[in-house]
Amino acid sequence: MFEKEEPQQIDNSIYKSFAGVTFKDGQKAYFFGIKDLEVNVNDKVVVETSKGLELGTVVVAPVSMEKYASSLGLKPILRIATDIDIKMKENNEKDAKYALEVCKAEVGRLKLDMNLISCEYTLDKSKVMFSYLADERVDFRELLKVL
């Protein structure tokens, strides 16, 4: 018999404020909680996302948690980005271009019917994400083995 898993409670009370952060495309701001950190608009920050650690830019100034009206749980702004974080991001972008070319070559070699769009590493390089388009479902298990 399976036990029903209880939904996790969202505890945004650990944050004093929240701020809006954008990422490389800069089109949409996502909100992140702030514990004991002072951040300002245009600061580069390291945040925890569902993908992993990412570097973003604060675009909405911090607002008191009393004004947070959503029921969604917030991930934290971990720190102001250091020069090392910024250099890592730049290196990751270069490495992602190379990884995209390697992946495109393997897609061609394996004759997969998919068009690769982009490649992106998380800041700590714990994950790599490839985006692609395809008219039909693609079995890319062999591609994953090669990569």
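Whatever comes next refers back to the structure up there.
The following paragraphs examine the structure supplied in this document. Here the structure is a predicted model, which is why all the values come from computation and not from measurement.

1. With respect to the pattern of salt bridges
And step 1. A complete count under the given rule lists eight salt bridges for this structure.
And step 2. A salt bridge links Glu106 to Arg109; the nearest nitrogen and oxygen atoms lie 2.8 Å apart. One end of the pair is Glu106 and the other is Arg109, both in helix α1 (residues 83–109) and three residues apart, which spans about a single turn.

2. Section: the packing of aromatic side chains
And step 1. Summed over the entire model, instances satisfying the criterion amount to five aromatic pairs.
And step 2. Seen in terms of ring centroids, Phe18 and Tyr68 are 5.0 Å apart; in terms of plane orientation they differ by 70°. Their pairing is edge-to-face. Placement of the pair is Phe18 in strand β1 (residues 17–22) and Tyr68 in the loop between β4 (53–64) and β5 (77–80), with a sequence separation of 50 residues.
And step 3. Each residue in the set Phe18, Phe31 and Tyr68 is aromatic and connected to the rest through ring pairs, giving one cluster.
And step 4. A cation sits over an aromatic face here: Lys125 above Tyr121, 4.9 Å from the ring centre.

3. Brief notes about the nonpolar core
And step 1. Among the nonpolar cores identified, the biggest contains eleven residues, and these are Ala96, Ala99, Leu100, Cys103, Val107, Leu112, Met114, Leu116, Cys119, Val138 and Leu143.
And step 2. The set of elements that each furnish at least two residues to this core consists of α1 and β6 (115–121).
And step 3. The greatest single-element share of this core, amounting to five residues, is contributed by α1.
And step 4. Once you skip the residues sitting within four places of it in the chain, Leu116 turns out to touch Leu100, Cys103, Lys104, Val107, Phe130, Ser131 and Tyr132.
And step 5. Counting residues in each nonpolar core, the second largest holds ten residues, with Ala19, Phe32, Val39 and Val45 among its members.

4. Re the sheet that holds strand β3 (residues 44–48)
And step 1. Pairing in this open sheet of five strands is antiparallel, and the strands run β2-β1-β4-β3-β5 from one edge to the other. Bordering the open sheet on either side are β2 (30–34) and β5, each of which pairs with just one other strand. Each strand of the sheet is rotated relative to its neighbour by a mean of 45°, with strand direction disregarded.
And step 2. Sheet topology note: the β3/β4 ladder contains five bridges and is antiparallel.

5. What about a nonpolar patch on the surface?
And step 1. A cluster of nonpolar side chains, namely Tyr98, Val102 and Leu147, defines an oily patch on the protein surface of about 310 Å² accessible area.
And step 2. Note that Tyr98 resides in helix α1.
And step 3. Judged by its relative accessible area of 61%, Tyr98 is exposed.

What counts, and at which threshold
- The numbering scheme is per chain: residues are counted from 1 as the chain's sequence reads.
- In keeping with the predicted nature of the model, local features appear solely for residues at pLDDT of at least 70, side-chain atom pairs appear and are counted solely at 80 or more, and the whole-chain, interface and lining totals rest on all residues.
- Only hydrogens and water are set aside when side-chain values are computed; all heavy atoms of the structure are taken into account.
- Within this document, salt bridges are pairs made up of a side-chain nitrogen of Lys or Arg and a carboxyl oxygen of Asp or Glu, the two lying within 4 Å of each other.
- For helices the rule is a DSSP run of H or I covering at least 4 residues; for strands it is a run of E covering at least 2, with both sets numbered from the N terminus onward.
- Here a pair means two rings of Phe, Tyr or Trp (six-membered ring of Trp) with centres within 6.5 Å. Their orientation is stacked below 30 degrees between planes, edge-to-face above 60, and tilted elsewhere.
- By the criterion adopted, a ring carries a charge over it if an Arg CZ or a Lys NZ lies within 6 Å of its centre and within 35 degrees of its normal.
- The term nonpolar core refers to a set of buried residues drawn from Ala, Val, Leu, Ile, Met, Phe, Trp, Tyr and Cys, joined through side-chain atoms within 4.5 Å.
- Residue exposure (1.4 Å probe, protein chains only): buried if accessible area is under 20% of the type maximum, exposed if over 50%, otherwise partly exposed.
- In what follows, a contact means two residues having at least one pair of non-hydrogen atoms within 4.5 Å.
- Between any two strands, pairing holds if DSSP finds at least two bridges.
- Comment: axis = line fitted to C-alpha atoms, over the contacting stretch for helices; angle = value between 0 and 180 degrees taken between N-to-C directions.
- Only residues whose relative accessible area exceeds 30% and that take part in no salt bridge are eligible for patches, with like-charged residues grouped when within 9 Å of each other and nonpolar side chains (Val, Leu, Ile, Met, Phe, Trp, Tyr) grouped when within 5 Å.
- Accessible areas in this description were obtained via Shrake-Rupley with a 1.4 Å probe; residue shielding takes into account the shown protein chains only.

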